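The chain contents come next:
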Amino acid sequence: MTNLPETGTNRPLIDQLLQGNLAFRENEFKRNPERYRELAVAQSPGVLWIGCSDSRAAPERITNAPPGELFVTRNVGNIVPAHDWSLSAVVEYSITHLKIKEILVVGHSDCGAVKALDKDLQDPYIALWLNDAREAKTRVDARIPKPETPEEHKERSHQIELENIRLQIEHLMTYPFVRQAVDEKRIEVHGLYYDLETGGLSQVV
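What you see is a predicted model; the values in this text were computed from it and never measured.

Enquirer: Describe the overall build of the protein, naming the residues involved and giving the relevant values.
Expert: Across its full length, the protein carries nine helices and five strands. Over its C-alpha atoms, taken along the principal directions, the protein stretches across nearly 55 × 50 × 30 Å. Per-residue burial over the protein gives 38% buried out of 205 residues. Within the protein, contacts between residues at least 6 apart in sequence are counted, and of these 62% link residues at least 24 apart. Entry remark: accessible area of the protein is about 12,500 Å², with carbon and sulfur atoms responsible for 53%. In the protein, 24 side chains carry a positive charge and 31 a negative one; their mean positions are 3 Å apart.

Structure (structure tokens):
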């Protein structure tokens, strides 16, 4: 049996990943050959997961979801722009062709995108991308006192992370084919929040 490489090894990361794939094939893949034969032919996930690219919030890992259950798209800040061809294609394909039943917009704690909303970024593409999340910051700052203590700053960030989930669902609902699918009760839309410190996943919307 091939073991996963130890963390901290000096081997190049690509070699570690390839070694990890060998462990996957010799363990998980061999234990479930029928399931993987089915997935080699077709997929029928029940959920579209729109999450953050953060390496600490891997969807299948934090939900213990089996292969083939989640159709996943991730980006910086789990943002759903009103006009994004890549995301539009993912959502349309998942609803029209995969017939998914639920769409989840998933944020998390210690989100770098939320922290970046307070910075004067010199990164043109990141700053432009985050424009679709700035309203979340504006809403929170309008309803809470200016934070003074480290605890208050942390809570403010937490509130913006939660508000950003709600905001991105609002953006998602501006897609006509999403609104139609929801109105016809073909899909449900929910917002989830993942806490890195506890490992807990909770429903926001």
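From this point, the discussion proceeds with the structure in view.
Enquirer: Lay out helix α1 (residues 13-31) in plain terms, naming residues and giving numbers.
Expert: Taking 1.5 Å per residue as the helical rise, α1 with its 19 residues ought to reach 27 Å, and the 26 Å between its terminal C-alpha atoms agrees with that figure. Of all the bends found along α1, the most pronounced is centred on F24 and spans about 35°. Listed in full, the buried residues belonging to α1 are Q16, G20, A23 and N27.

Enquirer: Can you tell me about the sheet that holds strand β3 (residues 102-108), naming the residues and giving the values?
Expert: For sheets, the rule is that strands pair by backbone hydrogen bonds, running either parallel or antiparallel. An order of β2-β1-β3-β4-β5 is seen for the five strands of this open sheet, with the pairing classed as mixed. Edge positions in the open sheet fall to β2 (70-75) and β5 (201-203), since each of these has one partner strand only. Geometrically, the sheet is characterised by an average inter-axis angle of 25° between neighbouring strands, direction not taken into account. Where strand β4 (residues 188-194) and β5 come together, three bridges link them in antiparallel fashion. Residue pairing for β5: Y193 is matched across the bridge by S202. Against the sheet, helix α8 (residues 150-172) engages β1 (47-52), β3 and β4, with an angle of about 160° to β4.

Enquirer: Can you explain a nonpolar patch on the surface? Please cite residues and give values.
Expert: Together, I14, L17 and L18 give the surface a local cluster of nonpolar side chains, amounting to about 330 Å² of exposed area. Here L17 shows up in helix α1. Overall, the relative accessible area of 62% leaves L17 in the exposed class.

Enquirer: Can you explain α8? Please cite residues and give values.
Expert: Between its terminal C-alpha atoms α8 stretches 33 Å, which fits the 33 Å expected from 23 residues at 1.5 Å a residue. R156, I160, E161, L162, E163, N164, I165, L167, Q168, I169, H171 and L172 are the residues of α8 that are buried.

Enquirer: Lay out the packing of helix α4 (residues 85-96) against helix α9 (residues 176-183) in plain terms, naming residues and giving numbers.
Expert: Their axes nearest at 10 Å, the elements α4 and α9 cross at an angle of 30°. Judged on the interaxial angle alone, α9 and α4 are roughly parallel. For the crossing formed where α4 meets α9, the hand is left-handed. Packed against α4, whose contacting residues are S88, V91, E92 and I95, the element α9 presents F177, V178 and A181 at the interface.

Enquirer: Give a description of the nonpolar core that names residues and reports values.
Expert: Ranked by internal contacts, the top residues of the largest apolar core, which has 23 residues, are I50, V91, I103 and L172. If we skip the residues at most four places from it in the chain, I50 touches T73, N78, V80, L87, V91, I103, L104, V105, V106 and L172. Judged by nonpolar contacts, the second largest core, of 12 residues, contains A113, A133, V140 and L167.

Enquirer: How would you explain the pattern of salt bridges if you had to name every residue and give the values?
Expert: Per the stated rule, a full pass over the model turns up 17 salt bridges. Between R179 and D183 there is a salt bridge; the shortest N-O distance is 3.6 Å. Linking R179 with D183, this pair stays in helix α9, spanning four residues, or about one helical turn. Put simply, E135, R139, R143, E163, R166 and E170 are held in one network by salt bridges that share partners.

Cut-offs applied
- Per-chain numbering applies: the sequence of each chain, read as written, is numbered from 1 onward.
- The predicted nature of this model means local features are confined to residues of pLDDT at least 70 and side-chain atom pairs, given and counted, to a pLDDT of 80 or more, with totals for whole chains, interfaces and linings taken over all residues.
- No hydrogens and no water enter the side-chain calculation; it runs on all heavy atoms of the structure.
- Only DSSP runs of H or I reaching four residues or more are called helices, and only runs of E reaching two or more are called strands; each is numbered from the N terminus.
- Only protein chains enter the accessibility calculation, which uses a 1.4 Å probe; a residue whose area is less than 20% of its type maximum is buried, one above 50% is exposed, and one in between is partly exposed.
- For this analysis, residues touch if any pair of their heavy atoms sits within 4.5 Å.
- Computed by Shrake-Rupley with a 1.4 Å probe, the accessible areas treat only the displayed protein chains as cover when residues are assessed.
- Note that His is not counted, nor are the chain ends; the positive residues are Lys and Arg, and the negative ones are Asp and Glu.
- A charged residue contributes its charge at one atom only: NZ of Lys, CZ of Arg, CG of Asp or CD of Glu.
- What a helix should span is 1.5 Å times the count of its residues minus one.
- Here the bend at a residue means the angle between the axes of two seven-residue stretches, the one that ends at it and the one that starts at it.
- In this analysis, strands are considered paired if DSSP registers two or more bridges between them.
- Axis geometry follows a simple rule: fit a line to the C-alpha atoms, using only the stretch in contact for helices, then measure angles between N-to-C directions, giving values from 0 to 180 degrees.
- Patch membership is restricted to residues that have no salt bridge and whose relative accessible area is over 30%. Joining uses 9 Å for like charges and 5 Å for the nonpolar side chains Val, Leu, Ile, Met, Phe, Trp and Tyr.
- Put simply, a salt bridge is a Lys or Arg side-chain nitrogen that is within 4 Å of an Asp or Glu carboxyl oxygen.
- For classification, angles of less than 35 degrees are called roughly parallel, those exceeding 145 degrees roughly antiparallel, those between 65 and 115 degrees roughly perpendicular, and all remaining angles oblique.
- Crossings are sorted by hand: turned counterclockwise from the far helix by less than a right angle, the near helix makes the crossing left-handed, and turned clockwise it makes it right-handed.
- Here, the term nonpolar core denotes a set of buried Ala, Val, Leu, Ile, Met, Phe, Trp, Tyr and Cys residues that are joined through side-chain atoms within 4.5 Å.

Geometric descriptors of this kind do not, in isolation, establish any biological role.
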